[in-house]
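The chain contents come next:
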Amino acid sequence: MKPLVKRMKWWGWGEEGVFFNYANKPAFAPFVKRALGIDLRPRQTDTIPFDASTVPASTLPDALRDALVTATASDRVSTDAHDRVVHGHGSSVTELLHVSRFDYGRLPEVVVYPADTDEVAAVLAACVDADAVVVPYGGGTNISRSLQLDPDEPRPIVSLDTGLISGVHELDEESGLARIGAGMLGPDLEEDLNARGWTLGHFPDSFTHSTLGGWAATRSSGMQSDKYGDIADIVRGMTVVRPGGIVRLRPVPVESTGPSLREMFIGSEGRLGVITEVWVQVHRQPEERVVVAYMYPHWSAAVEAIHTMSADEIPTTFVRISDAHETAFSLSTQKEAITLKKKVEAKGQEALWAFMRKRGWDTDEMCISYVCFEGSKDEVDARRRKVAQVAKKHGALVLGTGPGALYDQKKFDTPYLRDFLLEQDVLGDVSETAAPWSKLNDVHRRVYQAAEDAYVALGKRGWIMCHLSHSYHSGACLYFTFAFRAGDDPDREYASVKVAVQQAFVDAGATLSHHHGVGMEHAPWMEQVVSTEGVAIIRTLFDGTDPGRHLNPGKVIDAPLSIYDKL
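Basis of the calculations
Residues numbered from 1 in each chain as written. Predicted model: local features only at pLDDT ≥ 70, side-chain atom pairs only at ≥ 80, totals over all residues. Heavy atoms only, no water. Helix = DSSP H or I, 4+ residues; strand = E, 2+ residues; numbered from the N terminus. Rg over C-alpha atoms; globule rule 2.2 N^0.38 Å. Buried < 20%, exposed > 50% of the residue type's maximum accessible area, 1.4 Å probe, protein only. Contact = heavy atoms within 4.5 Å. Areas by Shrake-Rupley, 256 points an atom, 1.4 Å probe, with all protein chains shown as cover. Lys, Arg positive; Asp, Glu negative; His and termini not counted. Charge placed at Lys NZ, Arg CZ, Asp CG, Glu CD. Core = buried A, V, L, I, M, F, W, Y, C linked by side-chain atoms within 4.5 Å. Pairing = 2+ DSSP bridges. Axes fitted to C-alpha atoms, helices over the stretch in contact; angles between N-to-C directions. Salt bridge = Lys/Arg side-chain N within 4 Å of Asp/Glu carboxyl O. 1 Å grid on protein atoms, 1.4 Å probe; cavity = no way out; pocket = protein on both sides within 12 Å on 5 of 7 lines; lining within 4 Å. Points joined across faces, edges and corners; volume = space filled by probe spheres on them. Nonpolar A, V, L, I, M, F, W, Y, C, P; charged D, E, K, R; others polar. Polar contact = N/O pair within 3.5 Å; in protein donor to acceptor, adjacent residues only side chain to side chain.

*Asks:* Can you tell me about the overall build of the protein chain, naming the residues and giving the values?
*Replies:* Along its length, the protein chain carries 20 helices and 18 strands. Relative to the globule expectation of 24 Å for 567 residues, the C-alpha radius of gyration of the protein chain, 24 Å, shows essentially globular dimensions. With respect to the principal axes defined by its C-alpha atoms, the protein chain has extents near 75 × 60 × 50 Å. A buried classification covers 57% of the 567 residues belonging to the protein chain. Intrachain contacts of the protein chain at a sequence separation of at least 6 include 78% that bridge at least 24 residues. A total of about 23,700 Å² of accessible surface is found on the protein chain, and carbon and sulfur atoms cover 52% of it. Positive and negative side-chain charges of the protein chain, numbering 59 and 77 respectively, have mean locations separated by a distance of 6 Å.

Listed below in structure tokens is the structure:
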């Protein structure tokens, strides 16, 4: 059966034929050798043949199949093996590790493609009548295991793909509001809005393969949230289908109507219903957009500078700083200088590093920063001057727009690196948090120490790096990446490092997650971060609104499966 909606490749991130290539990056292999002590192997294959695996046959009951066909159409109810595998997992490292080795775990019995709100309502009714589980599916990019299925679930599992529920249905230009189908992918959404002179401004790392409904369901944050806000700021209203009926929240700027239903649905990960339409605030496309790079002598100076920019309320679209480890990694991914222009730039960079060393810089401690400015030409110029003043006051050098433009072009490529590392038997993953400005440096230090202690306990050489992004009045997001070579028990080894990092977040008074959500991955810490009574309230909400546990059970709280149990 030909897929009705184009999805990512079944065994990894993104599209077939697109992958991370280190052959044209001469500094990358030496960097990996220093960081992890391994020699990179040349790529063996560009794909994994699906036909080489055996997929258990679907056990979908005939009565449920008939009901789903009645709710939608015969060609939108699929028990195809490939379709079921694609919809049987998200994009967490542990899921991809197993799937790429043909260990599929629990798969849905069927994938159904409703085309509108009414069809979703009919699908949910059919599933409740059949005592089946429904898991809403957007783009499949979730990395907190919000899509992973419980292997012990005896009931039929239905993957409800929202891909046909798409399109910009209404644009209120006077109010800056748009009504959009929840299954619309990021690039399609922006293309449609841009053609009308508007933008949503929401660009998570997963942008090219994720959906608007998925962003809302997992409480997403985009790279440009400094200007446009997180998804909770962007969503103004929505339509949510539940087994008992349809909730329609009108798009208003603010309201005082008791506990916020909008806030309850945002971040609910499918446990309260299926989001089918979303009203979002949109913005006129800026006249000018530019990304400027800066180099700071060390991490604490860079953090202090970003805090100053935030406190001075300088309007920026995003501000990001990479710590010394991430800066070294970024420099190692530079492509080989082949053209005369690139060779001249490379020589200029080396001359700059030499100049910085003469000024007393330790170039192993320097931190690169990127700041994006949008607006009229005069506004951009004025904001660039203000940021440059702050940066220079904290010892930074202004590198200009060249490195900034390169960062902007490659901002969605990072997830492909995880697949590459898995091919090299390296587990590489990310964990992000948020904390007040007063705690950021302590969180950074404690997470580094926790990861290093975990590597020592495993007897491994590992790597950790971090960047700061998503600045707020009271604090910012810290986004960590860790990597190490897997051994004979990769699940246990991964869990050792992941648990150490997440527990360091909690112990330091930071958030459990800034924008990746909870899923199964972070559920074990929920009681520590929202309190026992807080979890009890969430459980009462889920149990009261879904007593039959038909809506993506085991996510956010009460996760039925945890790799952490192997510790």
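Text resumes after the structure shown.
*Asks:* Account for the nonpolar core, naming residues and giving values.
*Replies:* Counting residues in each nonpolar core, the largest one holds 70 residues, and the members touching the most others are Phe28, Met309 and Leu468. With 9 residues, helix H17 (residues 440–458) is the single largest residue contributor to this core. In this view, Phe28 contacts Phe20, Tyr22, Leu40, Phe329, Ser332, Thr333, Leu417 and Phe420; residues no more than four positions away in its chain are not counted. Counting 56 residues, the second largest nonpolar core, distinct from the first, contains Ala182, Phe203, Met356 and Phe412.

*Asks:* Quick rundown of the sheet that holds strand E8 (residues 235–242)? Include the residues and the values.
*Replies:* If you walk across this open sheet you meet the 5 strands as E5-E6-E10-E8-E9, and the pairing is antiparallel. Looking along the sheet, the strands with just one partner apiece sit at the ends: strand E5 (168–172) and strand E9 (245–249). Direction aside, the axes of adjacent strands within the sheet are offset by 10° on average.

*Asks:* Explain the pattern of salt bridges residue by residue, including any values.
*Replies:* Counting across every chain of the model gives 27 salt bridges. A salt bridge links Glu277 to Arg179, with the shortest nitrogen-to-oxygen separation between them at 2.9 Å. Remark: Arg179 occurs in strand E6 (residues 177–181) and Glu277 occurs in strand E10 (residues 274–281); sequence separation between them is 98 residues. Measuring nitrogen to oxygen at the nearest pair gives 2.9 Å for the salt bridge that ties Asp381 to Lys377. On the criterion of helical spacing, the pair formed by Asp381 and Lys377 is a turn pair, its members being 4 residues apart in helix H14 (residues 377–393). Look at the salt bridges and you will find they share partners, linking Arg43, Asp46 and Glu423 into a network.

*Asks:* How would you sum up the sheet that holds strand E14 (residues 367–375)? Please name residues and give values.
*Replies:* Read from one edge of the open sheet, 7 strands run E15-E12-E14-E13-E17-E18-E16, paired in antiparallel fashion. The two strands at the open ends of the sheet, each matched to only one other strand, are strand E15 (397–400) and strand E16 (426–436). Put simply, the sheet's adjacent strands are angled 20° from each other on average, direction ignored. Pairing between strand E12 (residues 288–296) and E15: 3 bridges, direction antiparallel. Each residue of the ladder has a partner; that of Met295, found in E15, is Leu397.

*Asks:* Any details on the layout of surface pockets? Residues and values, ideally.
*Replies:* Roughly 530 Å³ of volume is contained in the second largest pocket. Arg219, Gly267, Val518, Met526 and Val556 are the residues nearest the centre of the second largest pocket, which is lined by 25 residues in total. Mapped by element, the contributors of at least two residues to the lining of the second largest pocket are helix H10 (261–265), helix H19 (526–530) and helix H20 (532–545). For the lining of the second largest pocket, the leading source of residues is H20, giving 4 residues. Its residues assigned to classes, the lining of the second largest pocket comprises 13 nonpolar, 9 polar and 3 charged.

*Asks:* Please provide a residue-by-residue account of the environment of Lys9, values included.
*Replies:* Mapped onto the fold, Lys9 is located in the segment before helix H1 (28–36). Taking the C-alpha atoms as reference points, Lys9 and Ala500, separated by 491 residues in sequence, lie 31 Å from one another. Residues within four places of Lys9 in sequence aside, it is in contact with Gly14, Glu15, Glu16, Val18, Tyr416 and Asp419.

*Asks:* Any details on the pairing of strand E13 (residues 318–322)? Residues and values, ideally.
*Replies:* The side chains of a regular strand alternate between the sheet's two faces. Counting buried positions along E13 yields 5 of 5 residues, so the element is predominantly enclosed. A two-sided burial pattern is seen for E13, the buried positions comprising Phe318, Arg320 and Ser322 on one face and Val319 and Ile321 on the other. Note: E13 against E14, 4 bridges, orientation antiparallel. Across the sheet, residue Ile321 finds its bridge partner in E14, namely Ser369.

*Asks:* Which residues make up helix H16 (residues 415–423), and what are the values?
*Replies:* Of all 9 residues making up H16, 8 are buried, and the element is well covered by its neighbours. For H16, the set of buried residues is Pro415, Tyr416, Leu417, Arg418, Asp419, Phe420, Leu421 and Leu422. In this structure, the buried side of H16 is in contact with H1, helix H4 (93–99), helix H12 (324–332) and E16. Two residues or fewer after H16 comes Asp425, characterised by a positive phi angle close to 60°.

*Asks:* Which residues make up the environment of His202, and what values go with them?
*Replies:* You can see His202 is positioned in the loop between strand E7 (198–199) and helix H7 (212–217). The spatial distance from the C-alpha of His202 to the C-alpha of Val282 is 9.7 Å, given a sequence separation of 80 residues. If near-sequence neighbours (up to four positions away) are discounted, His202 is found in contact with Phe207, Trp215, Ser220, Ser221, Gly222, Gly229, Ile231 and Ile234. A polar side-chain atom of His202 sits 2.9 Å from a polar atom in the side chain of Ser220.

*Asks:* Break down the side chain of Ser268 for me, with residues and values.
*Replies:* With respect to the helices and strands, the residue Ser268 is situated in the loop between H10 and E10. Once residues within four sequence positions are removed from consideration, Ser268 is found in contact with Ala217 and Val556.

*Asks:* An account of the pairing of strand E3 (residues 133–137) is needed here, citing residue identities and associated values.
*Replies:* Judged by how many residues are buried, E3 sits mostly within the fold: 5 of 5 residues are covered. With burial as the criterion, each face of E3 is covered, one bearing Val133, Val135 and Tyr137 and the other bearing Val134 and Pro136. Note that E3 and strand E4 (residues 157–161) share 5 bridges and pair parallel. Its bridge partner being in E4, Pro136 is matched across the sheet by Leu160.

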